Each structure stands twice: as structure tokens, then as C-alpha cells.
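Read off the chains here:
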Amino acid sequence: MTSAAPFACAPLLKIIARGAKGARPLSADETRTLFDAILADRVSPAELGGVLIAYRIKGETPVELGAMLDAAHATFAPLSAPADAPPPVLLPSYNGARKQPNLTPLLALLLAREGIPALVHGQHHSGANRVGTQAIFKALGHDACSSAAQAEAALRTRRVAYLPIAALSPALERLLEMRSPLGVRNSGHTVVKLLQPFAGPALRLVNYTHPEYRETLSEMFTDAANSAAPGVLLARGTEGEPVADARRQTAIEGFADGAYRLWQAAEEGASGTPPALPAADAVATAQWTEAVLAGEIPLPEPIARQVEVIRQALEMSGATGSGAR
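Reading the values: the criteria
Residues numbered from 1 in each chain as written. Predicted model: local features only at pLDDT ≥ 70, side-chain atom pairs only at ≥ 80, totals over all residues. Heavy atoms only, no water. Axes fitted to C-alpha atoms, helices over the stretch in contact; angles between N-to-C directions. Helix = DSSP H or I, 4+ residues; strand = E, 2+ residues; numbered from the N terminus. Parallel < 35°, antiparallel > 145°, perpendicular 65-115°, else oblique. Left-handed = near helix turned anticlockwise from the far one by under 90°. Contact = heavy atoms within 4.5 Å. Nonpolar A, V, L, I, M, F, W, Y, C, P; charged D, E, K, R; others polar. Pairing = 2+ DSSP bridges. 1 Å grid on protein atoms, 1.4 Å probe; cavity = no way out; pocket = protein on both sides within 12 Å on 5 of 7 lines; lining within 4 Å. Points joined across faces, edges and corners; volume = space filled by probe spheres on them. UniProt positions renumbered as here; feature names shortened; annotations may be inferred. Salt bridge = Lys/Arg side-chain N within 4 Å of Asp/Glu carboxyl O. Buried < 20%, exposed > 50% of the residue type's maximum accessible area, 1.4 Å probe, protein only. Domains from an automatic or database assignment. Buried area = accessible area lost by both parts, 1.4 Å probe. Expected span 1.5 Å × (residues − 1). Phe/Tyr/Trp six-rings, centres within 6.5 Å; stacked < 30°, edge-to-face > 60°. Lys NZ or Arg CZ within 6 Å of the ring centre and 35° of its normal.

(A) Focus on the packing of helix 3 (residues 28–39) against helix 5 (residues 62–73). Running from amino to carboxyl end, helix 3 crosses helix 5 at an angle of 40°, the nearest separation of the two axes being 8 Å. Considering the angle they form, helix 3 stands oblique to helix 5. Pair helix 3 / helix 5 crosses with right-handed handedness. Between helix 3 and helix 5, the contacting residues are Ala28, Thr31, Arg32, Phe35, Asp36 and Leu39 on the first element and Val63, Glu64, Ala67, Met68, Asp70, Ala71 and Ala72 on the second. Of the residues in the contact of helix 3 with helix 5, the class split is eight nonpolar, one polar and four charged.

Here it is as C-alpha cells:
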């Protein structure tokens, strides 16, 4: 705990900790006050555990998620994007690979090759038995940035950067690390996938695993304040990663200034000839990624379509869109 005055959670726990059916949502102001205190380390460990488990059971409403996101953004200074490039694309990478290879670095490098800045943010680890994005980037010769300023420089010179959440917001890293003592993910793991850390416009790739989150996020993004252009591309995650599933085409939905668009419909079955994918190993994935970038191995069709959707979404918004937060 810090020297700041402790924050008493009991009045709010009485509202959110009554189970999936008995709990009620907090208002935006109540949620913002609570998460400001959590991220400022003003909540005792016992109360913090209670709040996180309560939300794990109750689930977050779009209003609560928006307030949590506002609190998260207040923990760091906004980044500056390259002035001579389209708005950057944000790829939140917090899950890593378990059964399938983690192709998030491939997506980021494909965008960078197109001149589109790609900021990947995540944790230095992705949990047990998973191959994290940071390890793959390292094998590709892209070391993790140690600060926001270093990430800004990498985007200017190489158009791609991997920024650990600990370097962007130590407060958010502390919240994510509560997974270890609690044994489950918490609201912080949802919030970090929604971050828009740039002062100006940026396109967010937001993914979900459970169908109910698609409904919550869709409702959230229909509010123009939560999807300022160029907006958000929403799709089912590949083991929780933002890159398209290389084996089959999933739907890609978009929200910009609250307006909805279906960019890519889902397709049944495998997409074309099933690609020969690498093992879920950092070195093997890096080598395969390099071969795809060199044209030695065909790029899986769903990922090629994802790159095209991203390009079109940026072009539709214009390079001087209104996505500042």
C-alpha cells in the first residue's frame, strides 16, 4: 500500500458482490472512483481480491468498462504517433500461444511493411505453457521497448514496437499480476485490451473469447465516445490474440464514431488450403514468420484479409481522423 489514504470498498462491495443475479452495476462515477483507488494502490489486498472476484462473477457493464478504461488511461501520459504515417494500429497481446502458433508479431510486421505503425503491448509472460509475443519478437530481432519514449522512436524508425504494459503503466501491471494469487483473470485483463494510449487517432484491434463479451463490447462501442474514428475492429480472438485465425475466416466487425460496419463475414470450414503452421514455439514461430515475410511461405488468407480490412478502415477514416482521447 502507498502512503495515500486507504479507500474503503465495503459500500461498493455491497452492490457488486451479491452474485450473478443479486449484484447491481455501479454508476460511471462510482466505478471510476473505485478503479482510480485500485490503480493508485489505495485498496487493501483483501478488499481488492473481493472487488475483482465480484466482477468476475457479476461481469462488467459497458458503462463500468468505460469508467475502468478512463481510470486506466489516467495512469500514463499519452504517446505521440509518427507524424508522417497513417494512424497507428494497436495490437493488445496478453494471451500468447498454447495450441496454435502466436502470429501477432507477423501481423504487426505486415502492417509495418505497409508503412502502418503497429504498437503491440502486452506482458513479458503470458501464463504457464504459453508462448508470449515478447519472446517471438526477441527471436525476430525486435527487443521489447523499456519506455514509452523508446516505443515512440521505434514506431518512427521501424513502424513497429513491442511495449510491455509494465513500461507503459506499472499500475496496470500490478492489477494484471493479481491473476497469480486469485487464480483467475480479472477486469484488468479486459481493460488492457481496450487501451488507446495515443494522444491522437489510433485503430484498435479488440478481441474476445466468450460470446457474451461480444455483446458487451458491441454495446460499448456503439457509443461514439468509446469508438472515435478510426475506431475499433472487433473479432473473436485466436487463443486470445488479436491476429486472425490462420485456419478459418472469422467475422471482423467495426465501430467508428459509434457507426457499425461488418467488414468481413465469417466463413464455414477451413479457409482455402489449410496452411502448414509452425509449432507453438518462439524460435519456430519466428523462423516461419521470416519465411512468410520473405515470400517463401504463402501468407494465410485470413491474415491477408485482416491486413486489407485494417488498411481500408484507416483509409476510410482518413489519416487525420478524430480518434484522440
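(B) Local environment of the sheet that holds strand 6 (residues 252–256). Strand order in the open sheet formed by seven strands is 3-2-1-4-5-6-7, with mixed pairing between adjacent strands. Taken across any chain shown, the strands that pair with only one partner, and hence form the sheet edges, are strand 3 (160–164) and strand 7 (259–264). Taking the axes of each pair of neighbouring strands and ignoring which way they run, one obtains an average angle of 25° across the sheet. Summarising the sheet, strand 2 (residues 118–122) and strand 3 pair through five bridges and their orientation is parallel. In the sheet register, His121 faces strand 3, and the bridge partner there is Leu163. Across the face of the sheet, helix 6 (residues 104–113) comes into contact with strand 1 (89–93), strand 2, strand 3 and strand 4 (203–208) while running at roughly 170° to strand 1.

(C) Spotlight on empty space enclosed by the protein. Applying the stated rule across the entire model yields four cavities of 30 Å³ or more. Where the lining of the largest cavity is concerned, the elements lending two or more residues are strand 4 and strand 5 (232–236). A per-element tally of the lining of the largest cavity places strand 5 first, with four residues. Classifying every residue of the lining of the largest cavity gives seven nonpolar, three polar and two charged.

(D) Broad picture of the UniProt feature "domain: Glycosyl transferase family 3 N-terminal" (unreviewed entry) in the protein chain. Residues annotated by UniProt as "domain: Glycosyl transferase family 3 N-terminal" (unreviewed entry) correspond here to residues 14–71. With 74% helix and 0% strand, residues 14–71 has its two end C-alpha atoms placed 21 Å apart.

(E) Summary view of the pattern of salt bridges. This model, assessed by the stated rule, comprises 12 salt bridges. With its nearest N and O atoms 2.9 Å apart, the salt bridge here joins Arg32 to Asp36. With Arg32 and Asp36 both in helix 3 and four residues apart, the pair spans about one turn of that helix. In this structure, Arg311 and Glu114 form a salt bridge, with 3.2 Å as the shortest nitrogen-oxygen distance. Within this pair, whereas Arg311 is found in helix 15 (residues 301–317), its partner Glu114 is found in the loop between helix 6 and strand 2, the two being separated by 197 residues in sequence.

(F) Expanded view of the environment of Lys138. Take Lys138: it is sitting in helix 7 (residues 133–139). Of the residues examined, Lys138 reaches a relative accessible area of 57% and is grouped as exposed. Residues Lys138 and Val63, 75 residues apart in the sequence, show an inter-C-alpha distance of 38 Å.

(G) Spotlight on the domain arrangement of the protein chain. Each domain of the protein chain was delimited in the assignment, giving domain 1 (9–59) and domain 2 (89–320). Placing a centre on the C-alpha atoms of domain 1 and another on those of domain 2 gives a separation of 28 Å. Listed by partner, the interface residues are 11 residues for domain 1 and 10 residues for domain 2. Here domain 1 and domain 2 share an interface that buries about 880 Å² over both sides, 75% of which is from carbon and sulfur atoms. For the domain 1 face of the interface with domain 2, the top three residues by lost area are Leu39, Leu52 and Arg56, together amounting to 56%. Counting across the interface, domain 1 meets domain 2 through zero salt bridges. If you tally residues by element for the side of domain 1 that touches domain 2, the top one is helix 4 (residues 45–58), at six residues. For the side of domain 1 that touches domain 2, the class distribution of residues is eight nonpolar, one polar and two charged.

(H) Layout of helix 5. In a regular helix each residue adds 1.5 Å, so 12 residues correspond to 16 Å; helix 5 covers 16 Å between its end C-alpha atoms and thus fits that length. In terms of burial, helix 5 is largely enclosed, as 10 of its 12 residues are buried.

(I) View of the packing of aromatic side chains. For the structure on display, the rule yields four aromatic pairs. Centroid distance Phe137 to Tyr162: 5.9 Å. Interplanar angle 45°. Geometry classified as tilted. Residue Phe137 is located in helix 7, and its partner Tyr162 is located in strand 3; the two are separated by 25 residues in the primary sequence. Assessed through its relative accessible area of 3%, Tyr162 is described here as buried. Pairwise contacts between aromatic rings join Phe221, Phe255 and Tyr260 into one cluster. We note Arg261 situated over the ring of Trp263; from NZ or CZ to the ring centre the distance is 4.0 Å.

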